[in-house]
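What follows is the residue order along each chain.
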Amino acid sequence: FALGGGGAALLLLVSFCAKLCGPSRVIGPVLEWTAQGHAGRIRTAQVAVASEQTLAMRFGIQGIPTMIVFSGGEPDLRITGAMGKPQLEDKLASYL
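Residues numbered from 1 in each chain as written. Predicted model: local features only at pLDDT ≥ 70, side-chain atom pairs only at ≥ 80, totals over all residues. Heavy atoms only, no water.

Before going further, it helps to examine the pairing of strand β2 (residues 42-48). Where strand β1 (residues 11-17) meets β2, seven bridges bridge the pair, whose relative direction is parallel. Counted as the bridge partner of L11 is I42 from β2. This β-α-β element, β1 to helix α1 (residues 22-37) to β2, shows right-handed connectivity. (Pairing = 2+ DSSP bridges. Helix = DSSP H or I, 4+ residues; strand = E, 2+ residues; numbered from the N terminus. Right-handed = clockwise from strand over helix to strand, strands pointing away.)

Our focus in this paragraph is α1. An α-helix turns once every 3.6 residues. As a result, residues three or four positions apart point the same way. The end-to-end C-alpha distance of α1 is 24 Å, a good match for the 22 Å that 16 residues give at a rise of 1.5 Å each. For α1, the full list of buried residues reads S24, I27, G28, V30, L31, T34 and A35. Looking at the buried positions of α1, the neighbouring elements they touch are β1, β2, β3 (66-71) and α3 (85-92). (Expected span 1.5 Å × (residues − 1). Buried < 20%, exposed > 50% of the residue type's maximum accessible area, 1.4 Å probe, protein only. Contact = heavy atoms within 4.5 Å.)

Now for the side chain of H38. One can find H38 in the loop between α1 and β2. A relative accessible area of 12% places H38 in the buried class. A distance of 2.8 Å separates the side chain of H38 from the side chain of R41, its partner in a polar contact. Within the structure, the side chain of H38 is placed 3.0 Å from the side chain of E89, a separation counted as a polar contact. Apart from residues no more than four positions distant in its own chain, H38 is found in contact with E89 and L96. (Polar contact = N/O pair within 3.5 Å; in protein donor to acceptor, adjacent residues only side chain to side chain.)

The next subject is the side chain of T66. You can see T66 is positioned in strand β3. A distance of 2.4 Å separates the side chain of T66 from the backbone oxygen of G63, its partner in a polar contact. Not counting residues within four places of it along the chain, the set of residues in contact with T66 comprises V14, S15, F16, I61, R78, I79 and T80.

With that out of the way, let us pick up the confidence of the model for the protein chain. Taken over all residues, the pLDDT of the protein chain has a mean of 89, while the share at 70 or more is 91%. By mean pLDDT, α1 is the weakest element of the protein chain at 92, and helix α2 (residues 53-58) is the strongest at 95. (pLDDT = per-residue confidence, 0-100.)

So this is what it looks like as structure tokens:
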């Protein structure tokens, strides 16, 4: 993943999800809150695995939701399953 204009310090958190998946719907607002709370340091994106199967296969997505943290443009951390904002922020603490 390339981040235009963000620089190497910007963290990218990509969620691989599905529209009809309950846990995927739960994680959407959590990602939004996390991005708002760390504006300028983290950017989030959601990838619908049904329409982006090639991308999901490229990153070895086997369960949804799966989030991948990209640091310096490279995948650095994989998180599988839905969670609340406090749990997600605990996992991201070393990056922020």
